[in-house]
Amino acid sequence: MRIASKVLSRDQDGVSGFLAYPSAAARRPGVLLLHHANGVTADLRTTAADLARGGYVALVPNLYHMLGVAGDSHIGRGAELQQRLTDEESLRVIGDACRSLARRANVDPARTGIAAHSMGGRLAIPFAADTPELRALVLYYPSVRDEIRTELRPRHAFDLARTLKCPSLPVYGGRDLIAARETRRRLWESFNANGQAFEWHFYSHARHGFASPDSEGYQPELAAMVWPLVLDFLHRALVEPPLA
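Residues numbered from 1 in each chain as written. Predicted model: local features only at pLDDT ≥ 70, side-chain atom pairs only at ≥ 80, totals over all residues. Heavy atoms only, no water.

**Details of the packing of helix H2 (residues 42-53) against helix H9 (residues 220-239)**
For step 1, the next point in the chain: One way to put it is that H2 packs onto H9 with a least axis distance of 12 Å and a crossing angle of 50°. Relative to H9, the element H2 lies oblique. Once H2 is placed against H9, the crossing between them reads as right-handed. Contacts from Thr47, Asp50 and Leu51 of H2 reach H9 at Trp227, Leu231 and Leu234.
For step 2, the next point in the chain: Tallied by class, residues from the contact of H2 with H9 come to four nonpolar, one polar and one charged. (Axes fitted to C-alpha atoms, helices over the stretch in contact; angles between N-to-C directions. Helix = DSSP H or I, 4+ residues; strand = E, 2+ residues; numbered from the N terminus. Parallel < 35°, antiparallel > 145°, perpendicular 65-115°, else oblique. Left-handed = near helix turned anticlockwise from the far one by under 90°. Contact = heavy atoms within 4.5 Å. Nonpolar A, V, L, I, M, F, W, Y, C, P; charged D, E, K, R; others polar.)

**Digging into empty space enclosed by the protein**
For step 1, the next point in the chain: Throughout the structure, instances matching the rule amount to two cavities of 30 Å³ or more.
For step 2, the next point in the chain: A volume near 120 Å³ is recorded for the largest cavity.
For step 3, the next point in the chain: Contributing to the lining of the largest cavity are 13 residues, with Arg122, Glu147, Arg155, His156 and Ala157 lying nearest its centre.
For step 4, the next point in the chain: Among the secondary structure elements, those contributing two or more residues to the lining of the largest cavity are helix H6 (119-130) and helix H7 (157-160).
For step 5, the next point in the chain: Residues belonging to the lining of the largest cavity are distributed by class as follows: five nonpolar, one polar and seven charged.
For step 6, the next point in the chain: Its volume calculated, the second largest cavity comes out at about 70 Å³.
For step 7, the next point in the chain: For the second largest cavity, the full set of lining residues is Leu63, Tyr64, Leu67, Gln82, Leu85, Thr86, Asp87, Ser90, Met119, Arg122, Leu123 and Arg153.
For step 8, the next point in the chain: Those elements that place two or more of their residues in the lining of the second largest cavity are helix H3 (63-66), helix H5 (87-103) and H6.
For step 9, the next point in the chain: Element by element, the count of residues in the lining of the second largest cavity is highest for H6, at three residues.
For step 10, the next point in the chain: In terms of residue class, the lining of the second largest cavity is built from six nonpolar, three polar and three charged. (1 Å grid on protein atoms, 1.4 Å probe; cavity = no way out; pocket = protein on both sides within 12 Å on 5 of 7 lines; lining within 4 Å. Points joined across faces, edges and corners; volume = space filled by probe spheres on them.)

Have a look at this one:
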């Protein structure tokens with residue numbers, strides 16, 4: 001499938017980031033791809049292009065740019081930025097990006113979902129809880145910790161995952177040093193309690209960041225193994241179901 005892509009700026013397009021889509025004129029399902037703490041890296045642009053080849057309009061919003069953080073690369077700055085950017089601010093710009101995606105002429109707004117990595121996955125859980133019209137949620141090792149509520153992080157995924165209204169596919173690994181075993185167990189219970197279809201994939205040898213080439217935990221063979229599962233899930237959640 002022939003595809004096109006575009007770098008977006010907040011001034012010209014209303015949202016900063018990267019967009020990839022099939023070239024043929026038609027309304028397609030839309031996927032919002034939320035980045036990890038390193039920002040919009042080359043691998044996420046590649047993922048967006050791969051989604052476009054699969055028939056989706058894929059938008060990777062640059063959350064940092066939309067929150068006023070300068071610079072073309074944010075690799076290595078994630079911990080510092082997350083100490084000063086509130087969830088409320090991040091969820092606001094994710095909402096801006098999601099609405100921008102849904103308004104595109106080549107997107108079917110009734111068939112939109114999210115795929116998210118690490119920090120983006122942690123933020124995707126409250127966003128999905130607040131956005132019941134989403135049709136799918138893919139979470140690569142969301143960076144959820146068992147931590148107290150603060151002004152930066154006033155709500156916790158343990159509480160929010162049980163309120164989701166869409167199918168979900170979380171992926172975690174046994175060697176993930178961010179989301180500990182007990183955290184993963186409590187998250188599993190919360191997803192299981194929401195009454196929606198969910199497919200929890202666990203790989204005992206997987207590290208945090210196994211799908212990100214910029215991560216020390218990168219495991220390309222595992223990333224290649226998981227990708228077809230993600231595409232199959234998105235097809236079933238966004239393409240196959242008839243609309244009510």
